[in-house]
Amino acid sequence: MIQLKTMLNCIDNSGAAVVECAKVMKMHRGAKIGDRIIVVVQKQRNFTDTGKGTSVGTSAANKVRRGDVRHAVVVRTAKKYQRPDGSVVKFDDNACVLINKAGEPIGTRLNGVVGVELRKMKWSKILSLAPMHL
């Protein structure tokens, strides 16, 4: 259950590391896996290229900056969720993927598993980028 002021990990390579939920879209309750939320970037991710000793500047690699307001999709929640088949799923953390207003992911790569509920919610682009869905 993601609600106002909840801190989430950002699992894509858009440049955000930690984001804070500012609003749950189209609902009066907490967001679950697959729901769209509005977030504020709290902490940026550091990108460094260790190949030849050169480092990529954070402004060149990051698509978002600290303080940016963006849309996101919840992909993992720490709250237990019971699926229609009776199985119960609970992740270790709350995580999201940043998207643009059209609903396409800002990043090009995802780190970590995502919930399979995204398939029911029509987030197939996020599922195709994810290494595993559980």
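Anything mentioned here points back to the structure above.
Residues numbered from 1 in each chain as written. Predicted model: local features only at pLDDT ≥ 70, side-chain atom pairs only at ≥ 80, totals over all residues. Heavy atoms only, no water.

**Some thoughts on the sheet that holds strand β3 (residues 36–44)**
No. 1: If you trace the five strands once around the closed barrel, you get β1-β2-β3-β4-β7, paired in mixed fashion. Neighbour to neighbour, the strand axes of the sheet diverge by 55° on average, direction disregarded.
No. 2: For strand β1 (residues 7–10) and strand β7 (residues 95–99), the ladder comprises two bridges, and the chain directions are parallel. Residue pairing for β7: N9 is matched across the bridge by A95. (Pairing = 2+ DSSP bridges. Helix = DSSP H or I, 4+ residues; strand = E, 2+ residues; numbered from the N terminus. Axes fitted to C-alpha atoms, helices over the stretch in contact; angles between N-to-C directions.)

**Re the environment of N62**
No. 1: Among the secondary structure elements, N62 is positioned in the loop between α1 (58–61) and β4 (69–76).
No. 2: For the pair N62 and F47, spaced 15 residues apart in sequence, the C-alpha separation works out to 8.0 Å.
No. 3: Leaving out residues up to four positions away in the same chain, N62 has contacts with S14, G15, Q44, R45 and F47. (Contact = heavy atoms within 4.5 Å.)

**Looking at the pattern of salt bridges**
No. 1: Taken as a whole and assessed by the stated rule, the structure comprises four salt bridges.
No. 2: As a salt-bridge pair, R76 and D93 come within 2.9 Å of each other at their nearest N and O atoms. Pair noted here: R76 is in strand β4 and D93 is in the loop between β6 (88–89) and β7, with a separation of 17 residues, a long-range link.
No. 3: With a relative accessible area of 9%, R76 lands in the buried category.
No. 4: Note that E117 is salt-bridged to R83, the shortest N-O span being 2.6 Å. Taken together, the positions of E117 in helix α2 (residues 117–120) and R83 in the loop between β5 (81–82) and β6 put the pair 34 residues apart, joining distant regions of the chain.
No. 5: Exposure remark for R83: the relative accessible area of 17% places this residue in the buried category. (Salt bridge = Lys/Arg side-chain N within 4 Å of Asp/Glu carboxyl O. Buried < 20%, exposed > 50% of the residue type's maximum accessible area, 1.4 Å probe, protein only.)

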